[in-house]
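Here is how the chains run, residue by residue.
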Amino acid sequence: MSELRPETELIVGGRPEVVPDGPLNAPISPASTLRPGGESGYARSGSPAWEPLETVVGRLEDGHAVAFASGMAAAHAAFRLFPPDPTVVAPEVAYMAVRESLQIERDAGRAGVRFVDITETAAVKAACDGANVLWLESPTNPLLGIADVPELCAFARERGILTVVDNTLATPLGQRPLTLGADVVMHSGTKAMGGHSDLLIGFAVGRTPELAAELHEARHLAGATPGALETFLCLRGLRTLSLRLERSQANAAVLAERLEEHPEVREVRYPGLASHPQAGLAVRIMAGPGFMLTFRVHGGAGRADSFVDALRVLTHATSLGGVETLIERRARYPAERRIPPDLLRVSVGCEHVEDLWEDLDRALAATAV
Ligand SMILES: *Cc1c(COP(=O)(O)O)cnc(C)c1O
């Protein structure tokens, strides 16, 4: 859609009209009521103030972006694209709240949902028999499983199955699902796109203007609009996405390799390691292995907790994609019962990698069993 490379589009896109003494950046525009004569009139139906951000995200994903109050608001807007009485094929392990939402739809009898291991391409195809929606998340949060997005999207399209890909962990620079054949991409912009752990925002991006119009209507009716400050901050954060990703990804690769050699650690999972079960697929469909990794420590969940408490540079907190490195034992949430109890998820940030490594190494030694 844009002739510029994504790294440039991030920086030059969404700028205000060039007028003498006009600002370089789109201003923060708090507004509910808008002057008549335009397409909206009232900001629940859309605001020109969000356009710079939506334009940039749309160009990055090669589609038509609609911004929402959060990633989950974007996910629920995508649910509204499902046909009546849908049968949905979805990941057995996916972002907790997406998984829970689909489970609730199933338990309430509003949707048939077939949960599958999205890394098992043949099993996913088999589950698509008679289904009308394929929901993918790749890499998955938190297990970092990778789906064969182009293969599965092509298979689904031949059968008229709507495909949605949660691209949050990859970011639009790491993977472009619409160009790999998906119908809708969703993001938690709260994560790497915002990048500073200071806002909630989400995106749903349609391959066609018609899909985007349906997403737009879902936002208008449910009212999950993005905030004025959040929209401003997210675009500001996006300007540095390629730099942040470059550093956090390089850091993650170093930490993953060293953790894999550490005697106190087992089962390091990182898409850039040869030991990752879909390492070859990751190289084929993603621009890079990303900033997320997981590992387990010897000594079980109790040791994992004391290890995390002993860290000083890495922060024990939830979420991901910020400039700061966050670590979390995911199974502390009852909804994450499908995750090994001692599995630690790390969102690697932009600190000096040796400070991160020294902290990890010291805390592993301090809590050795
Ligand atoms: C965080 C996250 C979401 C939800 O986004 P919010 O902005 O927290 O609502 C959805 N999918 C994935 C993969 C996530 O990591």
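Look a little higher up for the structure.
Just so it is clear, the model here is predicted, and its values are computed rather than measured. Residue numbers restart at each chain and count upward from 1, following the sequence in its written direction. This being a predicted model, a pLDDT of at least 70 is required before a residue's local features are given, and a value of 80 or more before pairs of side-chain atoms are given or counted; all residues contribute to the totals for chains, interfaces and linings. As a rule here, side-chain values cover all heavy atoms of the structure and leave hydrogens and water aside.

Here the focus is the site of the ligand. Here a residue is near a molecule or strand as soon as one of its heavy atoms is found within 4 Å of it. Taken together, 13 residues lie near the ligand, and Met-72, Asp-166, Ser-188, Thr-190 and Lys-191 sit nearest. Take Gly-71: an N or O atom from its main chain is 2.9 Å from an oxygen atom of the ligand. Between the ligand and the protein, one listed contact pairs an oxygen atom with a side-chain N or O atom of Thr-190 at 2.6 Å. Contact with the protein chains covers 94% of the free accessible surface of the ligand, which is 380 Å². Here a polar contact means two N or O atoms within 3.5 Å. Within protein one must be a hydrogen donor candidate and the other an acceptor candidate, and residues neighboring in sequence count only if both atoms are side-chain atoms. Per-residue accessibility takes into account occlusion by the displayed protein chains alone, with areas from the Shrake-Rupley method and a 1.4 Å probe.

The way it works is a 1 Å grid over only the protein atoms, where trapped points that fit a 1.4 Å probe form a cavity and open points with protein on both sides within 12 Å along at least five of seven lines form a pocket, and then any residue with an atom within 4 Å of a point lines it. Grid points are joined across faces, edges and corners, and a volume is the space filled by probe spheres set on the points. Taken as a whole, this structure holds three cavities of 30 Å³ or more when the rule is applied. Computed from the structure, the largest cavity encloses a volume of approximately 60 Å³. Lining the largest cavity are Ala-192, Leu-241, Arg-244, Leu-245, Ser-248, Phe-291, Gly-321, Gly-322, Val-348 and Cys-350. Per-class residue counts for the lining of the largest cavity are six nonpolar, three polar and one charged. When residues are sorted by character, Ala, Val, Leu, Ile, Met, Phe, Trp, Tyr, Cys and Pro go into the nonpolar class, Asp, Glu, Lys and Arg into the charged class, and all the rest, Gly among them, into the polar class.

Moving on, we come to unusual backbone geometry. Note that the residue after Ser-138, namely Pro-139, is joined by a cis bond; omega there is -5 degrees. Secondary structure elements follow DSSP: runs of H or I of four or more residues count as helices, runs of E of two or more count as strands, with numbering from the N terminus. Within the fold, Pro-139 resides in the loop between strand S4 (133–137) and helix H6 (149–158). Here the amide bond leading from Asn-141 into Pro-142 is cis, since omega sits at 5 degrees, within 30 degrees of zero. Its location among the elements puts Pro-142 in the loop between S4 and H6. Backbone geometry places Asp-21, a non-glycine residue, at a positive phi of 65 degrees. Counting through the fold element by element, Asp-21 comes out in the loop between helix H1 (6–12) and helix H2 (51–61).

What follows is about helix H9 (residues 228–238). Accessibility here uses a 1.4 Å probe with only protein chains present; expressed as a share of the type maximum, an area under 20% marks a residue as buried, one over 50% as exposed, and anything in between as partly exposed. Listed in full, the buried residues belonging to H9 are Thr-231, Cys-234, Leu-235, Gly-237 and Leu-238. All buried residues of H9 project into a common sector of 160 degrees when viewed along the axis, lining one side. Here a residue-residue contact requires only that any non-hydrogen atoms of the pair lie within 4.5 Å. Here the buried face of H9 lies against H1, H2, strand S7 (202–206) and helix H10 (241–261). Directions pointing from the helix axis toward each C-beta atom define the arc.

Paired strands are those between which DSSP finds at least two bridges. Relative to strand S3 (residues 112–116), strand S2 (residues 87–91) runs parallel, the two sharing five bridges. By the bridge assignment, Pro-91 is partnered in S3 with Val-116. Once you follow S2 into helix H4 (residues 96–107) and on to S3, the crossover reads as right-handed. Whether a crossover is right-handed depends on one test, that the path from the first strand over the helix to the second runs clockwise when the strands point away from the viewer.

By definition, the strands of a sheet pair up through backbone hydrogen bonds, in either a parallel or an antiparallel sense. Strands sit in the order S8-S9-S12-S11-S10 across an open sheet of five strands; the sheet is mixed. One side of each edge strand has no neighbouring strand; the edge strands of this open sheet are strand S8 (265–269) and strand S10 (315–316). Of the pairings in the sheet, the one linking strand S9 (residues 292–297) to strand S12 (residues 343–347) comprises five bridges and is antiparallel in character. Bridging from a neighbouring strand, Met-292 pairs with Ser-347 of S12. The sheet contacts of H10 involve S8 and S9, and relative to S9 the element is tilted by about 20 degrees. Orientation is described by axes fitted as lines to C-alpha atoms, over the contacting stretch for helices, and by angles from 0 to 180 degrees between their N-to-C directions.

The subject of this paragraph is the packing of aromatic side chains. Pairing of aromatic rings covers Phe, Tyr and the six-membered ring of Trp, with a centre-to-centre limit of 6.5 Å; geometry is then stacked below 30 degrees between planes, edge-to-face above 60, and tilted otherwise. Tallied over the entire structure, the rule returns four aromatic pairs. With 5.4 Å between their ring centres and 40 degrees between their planes, Phe-79 and Phe-82 make a pair best called tilted. Relative accessible area serves as the criterion here: at 14%, Phe-82 is assigned to the buried category. With a centroid separation of 5.3 Å and 70 degrees between ring planes, the pair formed by Phe-79 and Trp-135 is classed as edge-to-face.

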